[in-house]
Amino acid sequence: MRSGTLYLGIVPDYKPQIVEGKWQQRWRDSRAFEVSEDPDKPKFYCLEMFAYPSGHAHVGHVRNYMIGDVVARMKRMRGFNVLHPFGWDAFGLPAENAAIKNNTHPETWTLENIAHMKGQLQRIGISYAWEREIATCLPEYYHWNQWLFLKMLERDLAYRKRSNVNWCPSCNTVLANEQVIDGACWRCGTTVTTRELEQWVLRITHYADELLESAKDLPGWPEKVLTMQRNWIGRSEGARVKFQLVSELASPEQELEVFTTRIDTIFGATFVLLAPEHPLVQAWSELPGAEAFRRDMERFRAQDRTGRMTGEIEKEGFDTGRTALNPFTKQPVPVWVANFVLGEYGTGAVMGVPAHDQRDFEFATKYQLPIVRVVAADEAASAAADVTPMTEAYDGPGKLVGSGEFTGLAVDAAIDRMSAFAEQQGFGQRTVQYRLKDWGISRQRYWGTPIPVVYCDKCGMVPVPSDSLPVLLPKVAEFSGRGDSPLAQIPEFVNTTCPDCEGPARRETDTMDTFVDSSWYFFRFCDPQNTELPFDPDKVGYWGPVDFYSGGVEHAILHLIYSRFFARVFRDLGMTTISEPFTRLLTQGMVLKDGQVMSKSKGNVVDPDDMIRQFGADALRLYVMFVAPPEKEIEWTDSGLEGSWRFLARVWRLVDHLCETVGGKGIPAPDEVELNDAERALRRKTHDTIRRVTTDLDPRVHLNTAVSGLMELVNELYAFCGRTECLKIGQHPDAIPADGAVERAGTIAVLKEAVEALVRMLSPFAPHMTEELWEMLGHVDGIVVSGWPAFDEEVARLEEVVIPVQVNGKVRARLTVAAGTAEDRLRELAVADPQVAKHLEGKTVKKVVVAGGRLVSIVVS
RNA sequence: GCGAAAGUGGCGGAACUGGCAGACGCGCCGGACUUAGGAUCCGGUGGCCGAAAGGCCGUGGGGGUUCGACUCCCCCCUUUCGCACCA
């Protein structure tokens, strides 16, 4: 043996494959992660966004589950009653497409994928309460989608509406606004077109204001996500203003209403613009002799929807030949149809103020409509306004000109006064407009929840009574991938009897958007087997809301806004008191390989099972947690994984080497024995590490720095053992010369404390290996119940501190002094230090600052 | 165009409230042990000058505040993300 080293001649075997199988089996057998409500313990609901069972989970997917598992295991050790469930977002289009392609049934495909992926997660050692597993494609689950739909119908939160909807020609189905990304289908990327369809809609706008207000302050959510939600809801305050139609040809409707946020500019309104979809435009197009009108209208309506939405298409319009009276000026203005006016926003009609709106300016320039300036930045601009032609619209602050009795008012005051005036006169109304639209949930596909209504010739639309639920999805259907809903092609399903009159009736053949399934599954986990209700309010009362929720940022709007909506619906049904379902939200970064997002289609996926075979699940988990903060994307490297494996093997060897020394009973606690300097230093490091790792995990969730803290402790332990003669391999402490019995007891005591703290704190990251080590250290009860190590502030406090001394901002020396040395003394020592003195030579000391007792700063000139 | 976040060694990343920049790991270099070692243990590793002691420079660029700035303020550059004719 060489002195000064811990040389382990025989490398003890760290065989993750054996250890991991053993503990996964034990956890299963002991139902280690199953929980029930326990009012005596604080609860913690830890959830990762459940999975779409696409087939095989790759490392990019499982990163999320690993993050959640570290949090869940840590909280469990810290004494919380932890609910950590998992399930499957199992309805959806890929199953149907796979069915078409492979001539199988979506259910078969889905259930096989679930079985495989469940195995993958179990091999990673995620501590799920598997007895609560749910799959949304099973009647036990979608029954309650239907139940909730009926409740929403009763409360007028669900309604049927004929409108232009987003249509994905590839998926052959409708998409919600949230599901159109840059004009393309969120799932397949095909350019979305428009169709006019009658479909079921959920009134999310009922909660628009509340969703927006709460999104201003959800302290546990990333600011980025909140901003996205606020923008999506898009509140604007303004006014609706009525313009009287004066044309002889005017339809029976004698007025049209515009929405504006800038009523102060209304004296500059020189025309009115209607969306091609506006009802008046439709009505006029149907009048005799309106062929040309109709042709233009149709042309605009057929224009690419996203082009119109994003401004890529040139602004175009045509004169309707009608005029309307500006209610403020009483002057007639022409009414035009314009392709850039959106039918579904506001009233589908706007006033054209070319002087103060760039879009109107361009339109007016193109069609030579008058431009009248009514807001001036200052006096000079006001004077110049009449003579200088504008080159662009002015939308800055200023005072009104040429606006009758409102002339001279500042913009904000004018908006206020003019809105009030319009209300008083009865031609206007202050109003709040949202960008958020009600959520269309009808999908013309098979693999989803049947919408529980029937259509009867006599009674019209009739909801299926709750006691007849669930409306089962029939097993057999044609999956041609063409035409209308596959359900429409199954007569046995379609033809039914009316619940009211018992006459013949047809079932609704559309299914629900799968985002309905995922909007409330977190409540179902609290009571997954309930056959009477979606969940027992008491159980959700105990577990809810979700304390820690993690998943991809791609759901920042879709899933996360729908869930906030549904939580409020359940609340208003009296079933919960929860408004915000997710207290803390972590959006995990993606995993890249070769600079690209890991995905099956790119062929760059890393299968966790391959990594587990080589290095074990613990090494995989540790690597993914260590390589970067959880929110950041990471670039996969094999060498990084190997490094984590090496670290675990290093811990294994250390504990294996020490377990006979520090394992078992009868070892005194460190504060019961006398400690030498080295022992006190190790103890200090131990407690400092506990403090750091604990706060890094909770509440910070800085998993990467928590791991690095543990690595430092391991390095310290190796160094300590290397310096300690009695710890050379092959020499049991009993065989050590007896010149330091007390010292040896201290060594054993501090080592035991350090090693046990290390193993326990490592266990959320590497649960299998640490269970095994914990057992090797002589513990009978699992590490899961061992508790989290406590740290002692007193012990962690340094006895000696190093104080850097700066001269003009540069560190010139370091003083080693007793902790708590008085500031005056520090000043003396600093100035007297030879290195410092060198830099003070020939100069005048102007000031000596002692900052918080941690640093001395000397200013010279 | 608007909004947000970010920019630190060869690489991933630390630095929590303005107080020792580069923790920890990867990679690389050296040593020990060895028949051998891609294992293991120990050490080194921002750049430049220097044998060393030490010195100078250094957190995208430029300015500012401060005894002291990766951190705060102003301007600019770059990247990523989100929104994008919403009247």
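What counts and what doesn't
Residues numbered from 1 in each chain as written. Chains lettered and ligands numbered in written order. Predicted model: local features only at pLDDT ≥ 70, side-chain atom pairs only at ≥ 80, totals over all residues. Heavy atoms only, no water. Pairing = 2+ DSSP bridges. Helix = DSSP H or I, 4+ residues; strand = E, 2+ residues; numbered from the N terminus. Axes fitted to C-alpha atoms, helices over the stretch in contact; angles between N-to-C directions. Contact = heavy atoms within 4.5 Å. Buried < 20%, exposed > 50% of the residue type's maximum accessible area, 1.4 Å probe, protein only. Polar contact = N/O pair within 3.5 Å; in protein donor to acceptor, adjacent residues only side chain to side chain. Patch = residues over 30% accessible without salt bridge, like charges linked within 9 Å, V, L, I, M, F, W, Y side chains within 5 Å. Areas by Shrake-Rupley, 256 points an atom, 1.4 Å probe, with all protein chains shown as cover. Salt bridge = Lys/Arg side-chain N within 4 Å of Asp/Glu carboxyl O. Lys, Arg positive; Asp, Glu negative; His and termini not counted. Charge placed at Lys NZ, Arg CZ, Asp CG, Glu CD.

A.B. asks: Lay out the sheet that holds strand β1 (residues 43-48) in plain terms, naming residues and giving numbers.
C.D. replies: In space, the four strands of this open sheet follow the order β2-β1-β26-β27, with parallel pairing throughout. Unpaired on one side and paired on the other, β2 (81-83) and β27 (582-588) mark the two borders of the sheet. Sheet twist, expressed as the average angle between the axes of neighbouring strands with direction ignored, equals 20°. Here β1 runs beside β2; their pairing, made up of three bridges, is parallel. Bridged to Tyr45 within β2 is Leu83. Lying on the sheet, helix α18 (residues 558-572) is in contact with β26 (546-552) and β27; it crosses β27 at an angle near 170°.

A.B. asks: Go over the environment of Thr227, please, and point to the residues and values.
C.D. replies: Along the chain, the position of Thr227 falls in helix α7 (residues 223-233). Its relative accessible area of 29% is what places Thr227 among the partly exposed residues. Residues Thr227 and Val848, spaced 621 residues apart in sequence, show a C-alpha to C-alpha distance of 46 Å. At a separation of 2.8 Å, a polar atom in the side chain of Thr227 contacts the main-chain carbonyl oxygen of Glu223.

A.B. asks: Quick rundown of a positive patch on the surface? Include the residues and the values.
C.D. replies: A surface patch of like charges, here positive, comprises Lys810, Arg812, Lys838 and Lys843. Within the secondary structure layout, Lys843 lies in the loop between α28 (834-840) and β33 (845-851). Owing to a relative accessible area of 47%, Lys843 belongs among the partly exposed residues under this scheme.

A.B. asks: Residue-level account of the pattern of salt bridges, with values.
C.D. replies: Tallying each qualifying case throughout the model produces 53 salt bridges. Between Glu775 and Arg26 there is a salt bridge whose closest N-O contact spans 2.9 Å. With Glu775 in helix α25 (residues 767-776) and Arg26 in helix α1 (residues 16-29), the pair connects residues that are 749 residues apart, well separated along the chain. A single network of salt bridges, built from pairs that share partners, joins Glu210, Arg564, Arg568, Arg571, Asp572 and Glu580.

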